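Below, each chain spelled out in residue letters.
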Amino acid sequence: CDLYLSWNKEVQKNLPSSVNSAVIGFPRLPFYRYPLSELTPEKDDILAALSLNLSQPVYTIATSFPSSKFSTKNVGFNEADGKDLGVVTIPGRESPTQWAKDELFYWEEFKKWIMGEVLKNENVQWVLKPHPAEDISLIAPFCELLGIKLMLGRPIYDLLKISDRHYTRVGCTTAVEAWLWD
């Protein structure tokens, strides 16, 4: 590995000194435990802010298909960026455009799965929080079609705090974070 991308300094400091690493995320995991968990809103306050029924279950969805937007938009930028960042040297990522098309395919398959779950669980409120780098125009029509509430402009731990069941893509960090939230 040429460069290990770490979520935060806590993870980075545990790497062997010979590993070239960079912190690319922000340390949000401490918010799932006391004392920082006290800084997050109460579940009922989040539900009220989203105009959700306090007595009905809430199933949450976190999407993570940020490259899908480059399957049809800004293709040249994506190709150049992939080369500039060296992403094209990673096996399986040689073509940023193909990667974006694959991401769009996986998003379409994910939507089918979620649609089936929504239809099976009629007495449930659904809330979807897109990845911050996703194109909302790919997501909003799907949510409108199925009556899924979109959560925008709130941190991911607000989504997880209201969740009675969480759906996400394999490999998405929110799967682990959902386990951390009490």
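Each chain has its residues counted from 1, following the order in which its sequence is written. This being a predicted model, a pLDDT of at least 70 is required before a residue's local features are given, and a value of 80 or more before pairs of side-chain atoms are given or counted; all residues contribute to the totals for chains, interfaces and linings. The side-chain values count all of the structure's non-hydrogen atoms but skip hydrogen atoms and water molecules.

**Digging into the overall build of the protein chain**
Line of reasoning, step 1. Looking only at helices and strands, the protein chain has 7 helices and 6 strands in total.
Line of reasoning, step 2. Working definition: helices are DSSP H or I runs of at least four residues, strands are E runs of at least two. Numbering for both runs from the N terminus. Its helices and strands taken in sequence order, the protein chain reads β-α-β-α-β-α-α-β-α-β-α-β-α from the N to the C terminus.
Line of reasoning, step 3. Burial status across the protein chain gives 37% buried among its 182 residues.
Line of reasoning, step 4. Restricting the contact set of the protein chain to residue pairs at least 6 apart, pairs at least 24 apart contribute 64%.
Line of reasoning, step 5. The Shrake-Rupley method, run with a 1.4 Å probe, gives the accessible areas here. Residue values count only the displayed protein chains as cover. As displayed, the protein chain has an accessible area near 10900 Å², and 57% of this comes from carbon and sulfur atoms.
Line of reasoning, step 6. Positive and negative side-chain charges in the protein chain, numbering 19 and 23 respectively, have mean positions lying 0 Å apart. Categorising residues by exposure relies on relative accessible area from a 1.4 Å probe, with only protein chains included: less than 20% of the type maximum marks a residue as buried, more than 50% marks it as exposed, and the intermediate range marks it as partly exposed. Contacts between residues were defined by any pair of non-hydrogen atoms, one from each residue, lying within 4.5 Å. Counted as positive: Lys and Arg. Counted as negative: Asp and Glu, with His and the chain ends omitted from the count. Positions of charges follow a simple convention, taking NZ of Lys, CZ of Arg, CG of Asp or CD of Glu.

**Some words on the sheet that holds strand β4 (residues 125-129)**
Line of reasoning, step 1. Should DSSP find at least two bridges between two strands, the strands are regarded as paired. The strand order β5-β4-β3-β6 describes an open sheet built from 4 strands, whose pairing is parallel. The open sheet is flanked by β5 (149-150) and β6 (165-168), the only strands paired with a single partner.
Line of reasoning, step 2. As paired elements, strand β3 (residues 58-62) and β6 share 4 bridges and run parallel to each other. Each bridged residue has a counterpart across the sheet, and for Tyr59 the counterpart in β6 is Arg165.
Line of reasoning, step 3. The strands touched by helix α4 (residues 96-120) within the sheet are β3, β4 and β6, with β6 carrying the most contacts at an inclination of about 160°. Here the axes come from fitting lines to C-alpha atoms, over the contacting stretch only for helices, and the angles between their N-to-C directions go from 0 to 180 degrees.

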